[in-house]
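Coordinates in review
Listed below, chain by chain, are the residues.
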Amino acid sequence: AWKKFQAHGFKSKDEFEKEVVRHVETTLARSMFNCDETAAYAAASLAFRDRLITQWNRTQQRQTFSDTKRVYYLSLEFLMGRALDNAMLNVGLKNARTSSSLPLILKLTASAEGLSELGFRIEDIIEQEHDAALGNGGLGRLAACFLDSMASLNIPAWGYGLRYRYGIFKQEIVDGYQVEVPDYWLDFNPWEFPRHDIVVDIQFYGHVRKYQDEAGKQVALWEGGEIVKAVAYDVPIPGFDTQATNNLRLWSSKAASGEFDFQKFNSGDYESSVADQQRAETISAVLYPNDNLDRGKELRLKQQYFWVAASLYDIVRRFKKSKRAWSEFSDQVAIQLNDTHPTLAIVELQRILLDQEGLEWDEAWTIVSKTFGYTNHTVLPEALEKWSVPLFQNLLPRHLQIIYEINLYFLQLVERKFPKERDLLGRVSIIEESQPKMVRMAYLAIVGSHKVNGVAELHSDLIKTTIFKDFVKIFGPDKFTNVTNGITPRRWLHQANPRLSELIASKVGGLGFLKDLTLLNELEKYADDKEFKKEWAEIKYANKVKLAKHIKTTTGVTVNPSALFDIQVKRIHEYKRQQMNIFGVIHRYLTIKSMTAEERKKLAPRVSIFGGKAAPGYWMAKTIIHLINNVGSVVNKDKDVGDLLKVIFLEDYNVSKAEVIIPASDISEHISTAGTEASGTSNMKFVLNGGLIIGTCDGANIEITREIGENNIFLFGNLAEDVEDLRHAHNYGSHAMDPDLGKVFEEIKKGTFGDAGAFSALVGAIEDHGDYYLVSDDFHSYIQTQALVDEAYKDQDEWTSKTITSVARMGFFSSDRCINEYAESIWNVEPLVPEDEG
Ligand code: 26Y
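Residues numbered from 1 in each chain as written. Predicted model: local features only at pLDDT ≥ 70, side-chain atom pairs only at ≥ 80, totals over all residues.

The name given to the chain in an unreviewed UniProt entry is Alpha-1,4 glucan phosphorylase, and the organism recorded there is Hyphodiscus hymeniophilus. A UniProt comment under Function (unreviewed entry) is attached to the chain, and it reads "Allosteric enzyme that catalyzes the rate-limiting step in glycogen catabolism, the phosphorolytic cleavage of glycogen to produce glucose-1-phosphate, and plays a central role in maintaining cellular and organismal glucose homeostasis." The annotation that UniProt attaches to the chain under Sequence similarities (unreviewed entry) is "Belongs to the glycogen phosphorylase family." (UniProt positions renumbered as here; feature names shortened; annotations may be inferred.)

If you want it as C-alpha cells, here you go:
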C-alpha cells in the first residue's frame, strides 16, 4: 500500500533533489553555494507544490466528470499552521525516509558541489516556515482538521475563506504584559496559487428599486452603491494515503477599477484614487482577533458578505455548468456554516434564486433550506452574533428585505402551530425588538438550515434545552443533532510526535492507525509490558527535554524535565479559568513556603506552563496574563523553592508551538466552568500524546472520560446542571469565599506579586461581583484534585500504564470519524475514490 501511495509523490530522492536544485537555481535565482535554510525551505516547498497542483487538477477533473455531490465548508477561520511537513507526509516523501533524523537530500547535492560542511536537517528546514495563522483558536483549527480529513476520506469538498493579509497577531510579552505585533505572513507563501482569472464583483450599499415587469411580476433590483473585486487564491489540500487533493479557496479584496481609479487620477485627484483602492483592500486585510466575543463592527459584516457572496457566486456558477434543474441543487451541493459567521449565505442564495434566476419564493426557499447545515460552537451570550438593523439597511438593503420576509413566513408558521403562545413570537423572531433593532444571526441560521449541530454531547444537549429550546419545539427534535469534534491524527500524533507514532506503529501493525484510529485499541495489551513502557516513558522524557530547551531559550528559565509538566494552553478567557489555575499555583507556592525540609522532600516537583493570546480589547484576560508572569518572576527566582515549582508563560502560542508543547505534557488543564466550553479539542490532542488531563465535566471531557475510563482522568468541580442555581445564590445570598482562595487573595493584596491595584478587578470579579465563573465554588475541589495528581505522579509506573491505556482508547476522537458522521447524517455525500486506489 505504501508503494502505491508514494507513486504520486517523488519516485526517488534523486528526482526530488533535482527539483529542489532546479527551484534554487531558477525560481529563486540563487546558486547552490549560497543556499541557506530559507532558500532550502523555499525550494523544497516549491517542489512539493508542483506535485500538489498536478494532483489537484486530476482530483478536480475527476469530481467534475463524475458529477457527484460536493461539500462546501464555509469558515471565516482556517488555522492551518505549517504546510511543508504535512505535504511531505501526505504526498509521500517523508515515509520514504527511514529515519526522521536523516539529513535532507540537499546535503548530498551540496557535498557533490564540494560543500560537505553544509548540511540541512529536515527539522531546521521545516522551522523556516511561517505559520498560516488565519484563525483565533478552536473553531479555526477544527476547520483545518476537517479539511485534512475530508481530503483523506476522498470526500469531494472545498473550503471557502478569506485571505487575510494579517493573521492572528503575534504575541510578545514585555514586562509581563501582552503586546500585539502584526502578523504579516504573505512575503513568501509557496502554498497558494493566485487565480487572477477568477474574479467576482461584490456590491455594497446602494438601494433597492421594486417594479413590475411586463408579465406583471414583482421584481426587486439592487442598484447603486459600490463594487469591490474578490480575487481567488487556491491552497491545495492533500489527503493522506490518497491521491485526492482538495481545494481551499481564499478570497482577497481589490479595488474594482484595478490599481486605482484612473479617471480620478487624471483629473488630479490622486490621493482619493489611492484611498479608494486602500479602502477596498481593507476588507480582507485583517482577521478579527476576538474569540467568542461579538463586537458588531461594520467592517466585519463587510468581510462576511464579501466572502459569502464570492463563494456563492463560485458555487452557483459551478452548479450551472452541470445544466441541471434548480430543484437538483441540494443533490449536488451541501454547504456547512462554521458557526453563524457565514449565515448571510442563506440570504444570498435566496437572493440569487429570486432576483437573478427568477424562481418563486417557495421554490427558492425549499432549495435553500435543503442546502445548508449550521454548526454552533458556543452558548456564551456574548459570542452570539447580532447585527444592528440600521447597519444592515445601509450596507445590504436587499438582504435586509429578504431577512424580513424570511422572518415573516417563519413567524406565520409559528403562529399557525402555536396560536395561543403570544410570547413565543417575540422570543423566536429573527429580529430582536431592541433599540436599535438587531438581526439575530443564530436564529436566521436555524431557520435557513436543514440540520443544526453542536460539537460535543453535553453542548448539543445544552443548546436544545437553553438557547434554542423554542426552536426544538417548532421544528421538532430531529433538526438538532450532535457531532462530537475530532482531531487529525496525522498532524497531532504522527507529525507532532514522530517517535511515539513509530513506537505505536511497531505494535499495531504499521501506520494504518493513522487512517483508522480505532486500531490504537491494540495498544491496550502493552499497558503492562515492561519493555514497551520503558520506551514509552523515554519518548515522553525526550519530548519534555525538547520543551525545556524551548523554555530556556525563550524565557531564560531552567526547568527540570523530570518534574511534572502541568500545561494549560488555549485562548485566555475568564470562562476557561486560567485565573483559577494561577490562583492554584499561588496556593501551591504558599504551601511550599510553609513546609519543613522533610515535608518538601515528599513533594513532586512541578512546572506550571501557560500559553495563549488575549483578545487585544479584553482587559480581564490581559490582567490574567500579567498575573501569571508576575507570579512567575517571584516564584522562579525564589531559591528556597528551587525545582519544586516553576511558573512559565510561553509567548505566542500557535499551531507550530502546540506541536512541540502538547507531546511534552504530563497533565493538561481543561477547567472551564461546567457548561461553557462547547467541546475543546486540545483535550483530545493531549491525551492522544500520552498526557493525562485534569478537567471539569464540560465539553468533550465527558466523552473522553467515557472512552478512556474515569480512573484515567482527574475530574473535579460543580456540574453544568448546578451552575444556574449557584450563580443565583451568589447574587441573592451571601457569597462566602473559599478559605484557601481567600488566603491567595490576601497575598495578592499584600503586593507579593507586584502592585496589588493591577489585579483588583480580577479579584473583585470573584469577591464582589458575583463570581460568574464559579472560581470560588470550584476552588477547593480543584486543589484537592491537584493533590491527587501529585500522588498519582509519584507512581511513575502506574502513571505510564494509565497513559498507554488512554491512548489505546482514543480512537473515537479522530476527525475522520467526525467527518464521516457529517457526511452521513448531514451532507449525504459519498467519497469519490481515485480509480487505482479502490
Ligand atoms: C462572533 C465572533 C467575533 C466570534 C469569533 C470567533 C465568535 C466565536 C469565535 C470562535 C469560537 C471558537 O473557537 N469556539 C470553539 O470552537 C471549538 C471547535 O468546535 C470548540 O472546541 C470550543 O469549545 C469552542 O470554544
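Moving on from the coordinates now.
Let's shift gears to the overall build of the chain. For the chain, the helix and strand inventory stands at 34 helices and 24 strands. At 28 Å, the chain has a C-alpha radius of gyration in line with the 28 Å of a compact globule built from 838 residues. Seen along its three principal axes, the alpha-carbon backbone of the chain occupies a region of about 95 × 80 × 60 Å. For the chain, the proportion of its 838 residues judged to be buried stands at 48%. The long-range fraction of contacts in the chain, counting pairs at least 24 apart against all pairs at least 6 apart in sequence, stands at 76%. (Helix = DSSP H or I, 4+ residues; strand = E, 2+ residues; numbered from the N terminus. Rg over C-alpha atoms; globule rule 2.2 N^0.38 Å. Buried ≥ 20, exposed ≤ 12 C-beta atoms within 10 Å, placed from the backbone. Contact = placed C-beta atoms within 7 Å.)

Okay, the pairing of strand β6 (residues 177-181) next. Both strand β5 (residues 170-174) and β6 contribute to a ladder of five bridges, which runs antiparallel. Across the sheet, the residue bridging to I173 is Q178, located in β6. Here β5 folds back onto β6, and the loop between the two strands holds two residues, one of which, D175, carries a positive phi near 50 degrees. (Pairing = 2+ DSSP bridges.)

Once that is clear, we can look at the UniProt feature "modified residue: N6-(pyridoxal phosphate)lysine" (unreviewed entry) in the chain. Per the UniProt entry, the sites bearing "modified residue: N6-(pyridoxal phosphate)lysine" (unreviewed entry) are K685 in this numbering. Its place among the elements puts K685 in helix α27 (residues 682-688). We classify K685 as buried; it has 30 C-beta atoms within 10 Å.

Once that is clear, we can look at the site of the ligand. Near the ligand lie 23 residues; those nearest to it are G138, L139, D294, A678 and S679. Here the shell around the ligand spans two domains, since at least three of its residues come from each of domain 2 (67-83 + 129-484 + 823-837) and domain 3 (506-813). (Near = placed C-beta within 6 Å. Domains from an automatic or database assignment.)

Here the focus is the sheet that holds strand β11 (residues 245-255). Read across the open sheet, the nine strands follow the order β7-β10-β11-β4-β1-β12-β13-β17-β18; overall the sheet is mixed. Only two strands of the sheet have a single neighbouring strand rather than two, namely β7 (193-204) and β18 (480-482). The sheet shows a mean angle of 25 degrees between the axes of neighbouring strands, direction not considered. Pairing of strand β4 (residues 157-162) with β11 involves five bridges; the strand directions are parallel. The residue of β11 that forms the bridge with L162 is W251. Against the sheet, helix α7 (residues 138-152) contacts β1 (70-74), β4, β10 (226-238), β11 and β12 (333-338), and its axis sits at roughly 135 degrees relative to β11. (Axes fitted to C-alpha atoms, helices over the stretch in contact; angles between N-to-C directions.)

The subject of this paragraph is unusual backbone geometry. Cis peptide bonds are those with omega within 30 degrees of zero, and the linkage from Q435 to P436 qualifies with -5 degrees. Checked against the element boundaries, P436 lands in the loop between β15 (431-432) and β16 (438-440). For N828, which is not glycine, the phi dihedral falls at a positive 55 degrees. By the element assignment, N828 lies in the segment after α34 (815-827). For N828, a count of 15 C-beta atoms within 10 Å corresponds to the partly exposed category.

In an α-helix, one full turn covers 3.6 residues, which means residues spaced three or four apart are oriented alike. Along its 20 residues, helix α32 (residues 775-794) runs 28 Å from first to last C-alpha, staying within 8% of the 28 Å computed at 1.5 Å per residue. Roughly 25 degrees is the biggest bend found in α32, and it falls at S781. Those residues of α32 that sit buried are V775, S776, D777, D778, F779, Y782 and Q786. Close packing links the buried residues of α32 with α23 (578-593), β23 (692-695), α29 (720-732), α30 (739-750) and α31 (760-767). (Expected span 1.5 Å × (residues − 1). Bend = angle between axes of the 7 residues up to and from the residue.)

Domain boundaries in the chain define domain 1 (1-65 + 89-128), domain 2 (67-83 + 129-484 + 823-837) and domain 3 (506-813). Between the C-alpha centres of domain 1 and domain 3 the distance comes to 39 Å.

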